[in-house]
Amino acid sequence: MRPDGPDTPANDPLERNGPLPAAGETPRTAPAEASVQPYANERQIVQAARQLAQKATRLSQRQQILRSLRESGIMAGASVPALLESYRSQETSGRHEILDFLMHLLDQKADLSEAAAAIGGYLNDTNAALREKVATLLIRMGASASAAEVAAFGCMRHAIREMRLTGVRVLGAIGAAGSPSLLPRLQSLREATPATDVELRE
């Protein structure tokens, strides 16, 4: 057998890629990417969420799963418990993906109230951008985020001022939907805050 050298078919770009189109002929193109399909049922959605949660899942697979979840409408809310359970084990980019997807579910009018306590648990993320995204999500949830009240009050005891401010914003969004002691405790916190700290007092 003749070894593959510079002039053999295996090394010839014309042989590998096919002949060049004749004059006036349309060049051949790669097949178009398959259209994104929604998942058929909640069982498929939960399986997809578990696959997305695995670190071994390639980026292209993650993107495909997220696109399909987004196409699945409110039914994709079935993925939330598995996604939140995996949050701590995700890299920063994976955490952003999860929070962005939860924002998308809110846009679809999904009810995330049962996930509020778990979401609130991530208000103490060490990444400032992620903390802000978690807070924004809870604030958008408003009264339905009442289960995050304990986590938000936990922020109020933090040494970092921005964390305390985050807690105040979330508690303000929860408002009257919180526990009976919420508003009195907020008033006490306001009175204990220096008058010069306008943001925390408001």
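Residues numbered from 1 in each chain as written. Predicted model: local features only at pLDDT ≥ 70, side-chain atom pairs only at ≥ 80, totals over all residues. Heavy atoms only, no water.

1. Thoughts on the overall build of the protein chain
A count of helices and strands for the protein chain gives eleven helices and zero strands. Overall, the protein chain shows an N-to-C arrangement of helices and strands of α-α-α-α-α-α-α-α-α-α-α. In the protein chain, buried positions account for 37% of the 202 residues. Sequence separation of 24 or more characterises 65% of the internal contacts of the protein chain that already satisfy a separation of 6 or more. With the model as given, the accessible surface of the protein chain reaches about 12,200 Å², and the carbon-plus-sulfur share is 53%. (Helix = DSSP H or I, 4+ residues; strand = E, 2+ residues; numbered from the N terminus. Buried < 20%, exposed > 50% of the residue type's maximum accessible area, 1.4 Å probe, protein only. Contact = heavy atoms within 4.5 Å. Areas by Shrake-Rupley, 256 points an atom, 1.4 Å probe, with all protein chains shown as cover.)

2. Section: helix 8 (residues 149-156)
What sets the pattern is the α-helix's 3.6 residues per turn: residues three or four places apart point alike. Every buried residue of helix 8 is accounted for by Glu 149, Ala 152, Phe 153, Cys 155 and Met 156. Looking straight down helix 8, one finds that the buried residues subtend no more than 150 degrees of arc, so they occupy a single side. (Arc of directions from axis to C-beta.)

3. Here we look at the environment of Pro 38
Structurally, the position occupied by Pro 38 is in the loop between helix 1 (13-17) and helix 2 (42-53). Put simply, Pro 38 and Ser 68 are 30 residues apart on the chain and 4.8 Å apart in space, counted from C-alpha to C-alpha. In this view, Pro 38 contacts Ser 68, Glu 71 and Ser 72; residues no more than four positions away in its chain are not counted.

4. Topic: the nonpolar core
The biggest cluster of nonpolar side chains holds 46 residues, and the ones touching the most others in it are Leu 102, Ile 119, Leu 137, Leu 138 and Met 141. Mapped onto this core, the elements with two or more residues apiece are helix 2, helix 3 (59-71), helix 4 (80-85), helix 5 (92-107), helix 6 (116-120), helix 7 (128-141), helix 8 and helix 9 (161-174). For this core, the element with the highest residue contribution is helix 5, accounting for seven residues. For Met 141, the contacting residues outside a window of four places in its chain are Leu 106, Leu 112, Ser 113, Ala 116 and Ile 119. (Core = buried A, V, L, I, M, F, W, Y, C linked by side-chain atoms within 4.5 Å.)

5. Overview of unusual backbone geometry
At Lys 109, a residue that is not glycine, the phi angle is positive and equals roughly 70 degrees. Secondary-structure assignment places Lys 109 in the loop between helix 5 and helix 6.

6. Here's the deal with the packing of helix 2 against helix 3
Remark: helix 2 packs on helix 3, axes separated minimally by 10 Å, with the N-to-C direction vectors making an angle of 150 degrees. By the angle class used here, helix 2 and helix 3 are roughly antiparallel. Handedness of the crossing formed by helix 2 with helix 3: left-handed. Residue-level inspection shows Ile 45, Ala 48, Gln 51 and Leu 52 of helix 2 in contact with helix 3, the latter providing Gln 61, Arg 62, Ile 65, Leu 66 and Leu 69. In terms of residue class, the contact of helix 2 with helix 3 is built from six nonpolar, two polar and one charged. (Axes fitted to C-alpha atoms, helices over the stretch in contact; angles between N-to-C directions. Parallel < 35°, antiparallel > 145°, perpendicular 65-115°, else oblique. Left-handed = near helix turned anticlockwise from the far one by under 90°. Nonpolar A, V, L, I, M, F, W, Y, C, P; charged D, E, K, R; others polar.)

7. So, the side chain of Glu 149
Topologically, Glu 149 is positioned in helix 8. Those residues in contact with Glu 149 that lie beyond four places of it in its chain are Leu 171, Ile 174, Gly 178, Ser 179 and Leu 182.

8. Quick notes on the pattern of salt bridges
Applying the stated criterion to the full structure yields five salt bridges. Note that Arg 95 is salt-bridged to Asp 125, the shortest N-O span being 2.7 Å. Linking Arg 95 in helix 5 with Asp 125 in the loop between helix 6 and helix 7, this pair joins segments that are 30 residues apart in sequence. An identical accessibility class is assigned to Arg 95 and Asp 125; each is buried. Between Glu 132 and Arg 169 there is a salt bridge, with its nearest N and O atoms 3.0 Å apart. With a gap of 37 residues between them, Glu 132 in helix 7 and Arg 169 in helix 9 connect regions that are remote in the sequence. Taking relative accessible area as the criterion, Arg 169 reaches 32% and is therefore assigned partly exposed. (Salt bridge = Lys/Arg side-chain N within 4 Å of Asp/Glu carboxyl O.)

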